[in-house]
Amino acid sequence: HDTQWHDWTQIGNATFRIPANATIAAASLRSDVHLFVTGNDGKIYRTQVSSDLAEDWAPIDVAGTVTFLPGASISVTGTRTGDTFVELIAVDKEGGIYRTSWNEMFGDWIAWSLEGTLTIPQDATITLIGEVGSLRLFTMGDDGRVYARTAVDWEPVGNTTGTTGLPITARLDSAGGIRLY
């Protein structure tokens with residue numbers, strides 16, 4: 001069992017610029033890892049890492065004209081067994097929450113869809129928890145309250161307010177309940 005850190009290495013070739021505030025989102029799919037980041041041009045880029053070999057970074061090809069700010073927050077999850085399927089959520093430059101997905105069987109990203117009517121700060125994060133097909137989404141609203149995506153729209157989780165812009169962390173407990181932090 002290897003317990004030492006190894007030197008940093010470049011993952012794929014990137015022909016685009018990444019803002020200093022950008023975070024990289026990762027989804028594990030079978031034995032591969034798919035990485036996503038929003039570039040300076042507002043496009044979302046991805047690479048796939050298999051056995052320490054990475055593809056070159058390339059923009060995801062999603063139908064629709066959604067524009068993201070450089071370094072916009074991305075949340076992503078994927079399947080680990082069966083069909084390879086990715087769900088990706090991002091906040092556009094107007095604070096709208098958008099979703100797209102990709103299925104290896106079909107090979108194309110589906111068009112962006114707006115996730116309800118909630119508008120959040122452009123630098124807010126979206127937290128995903130659960131499996132593809134039964135995802136739960138959480139975020140912090142402009143009013144400092146935590147919101148959960150329901151079948152109808154976004155609804156506040158309680159009445160307590162916090163600091164606007166803080167990320168939400170969600171974990172499943174041993175009984176299957178969701179804990180928010």
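Just so you know, the residues in each chain are numbered from 1, in the order the chain's sequence is written. For a predicted model such as this one, the threshold for reporting local features is a pLDDT of at least 70, and the threshold for listing and counting side-chain atom pairs is 80 or more; totals across whole chains, interfaces and linings nevertheless cover every residue. Only heavy atoms go into the side-chain values, all of them from the structure, while hydrogens and water stay out.

Novice: Before we move on, could you go through the nonpolar core and cite the residues and values that matter?
Specialist: Ranked by internal contacts, the top residues of the largest apolar core, which has 19 residues, are Phe36, Ile44, Leu88, Trp109 and Trp112. Elements supplying a minimum of two residues to this core: strand 1 (25-29), strand 6 (74-78), strand 7 (85-91) and strand 8 (96-103). Residues are treated as being in contact if the distance between any of their heavy atoms lies within 4.5 Å. Each residue touching tryptophan 112, except ones within four places of it in the same chain, is listed here: Ile44, Ile60, Val62, Ala63, Val66, Phe68, Leu88, Tyr98, Arg99 and Thr100. Ile89, Ile97, Leu118 and Leu137 belong to the second largest nonpolar core, which has 12 residues in total. By nonpolar core is meant a set of buried Ala, Val, Leu, Ile, Met, Phe, Trp, Tyr and Cys residues that side-chain atoms within 4.5 Å join together. Whether a residue is buried, partly exposed or exposed follows from its accessible area with a 1.4 Å probe, protein chains only, as a fraction of its type maximum: under 20%, in between, or over 50%, in that order. Put simply, DSSP H or I for four residues or longer makes a helix, DSSP E for two residues or longer makes a strand, and each gets a number counted from the N terminus.

Novice: Please provide a residue-by-residue account of the pattern of salt bridges, values included.
Specialist: A carboxyl oxygen of Asp or Glu within 4 Å of a side-chain nitrogen of Lys or Arg is what we treat as a salt bridge. Applying the stated criterion across every chain, the model contains 6 salt bridges. A salt bridge links arginine 99 to glutamate 115; its shortest N-O distance comes to 3.3 Å. Taken together, the residues arginine 99 in strand 8 and glutamate 115 in strand 9 (residues 113-119) connect sequence positions 16 residues apart. Of the charged contacts, one joins arginine 179 and aspartate 173 as a salt bridge, the two residues approaching to 3.2 Å between their closest N and O atoms. Residue arginine 179 is classed as partly exposed on the basis of its relative accessible area, which comes to 45%. We classify aspartate 173 as partly exposed; its relative accessible area is 24%. Sharing partners across several salt bridges, the network here consists of Glu87, Arg99, Glu115 and Arg149.

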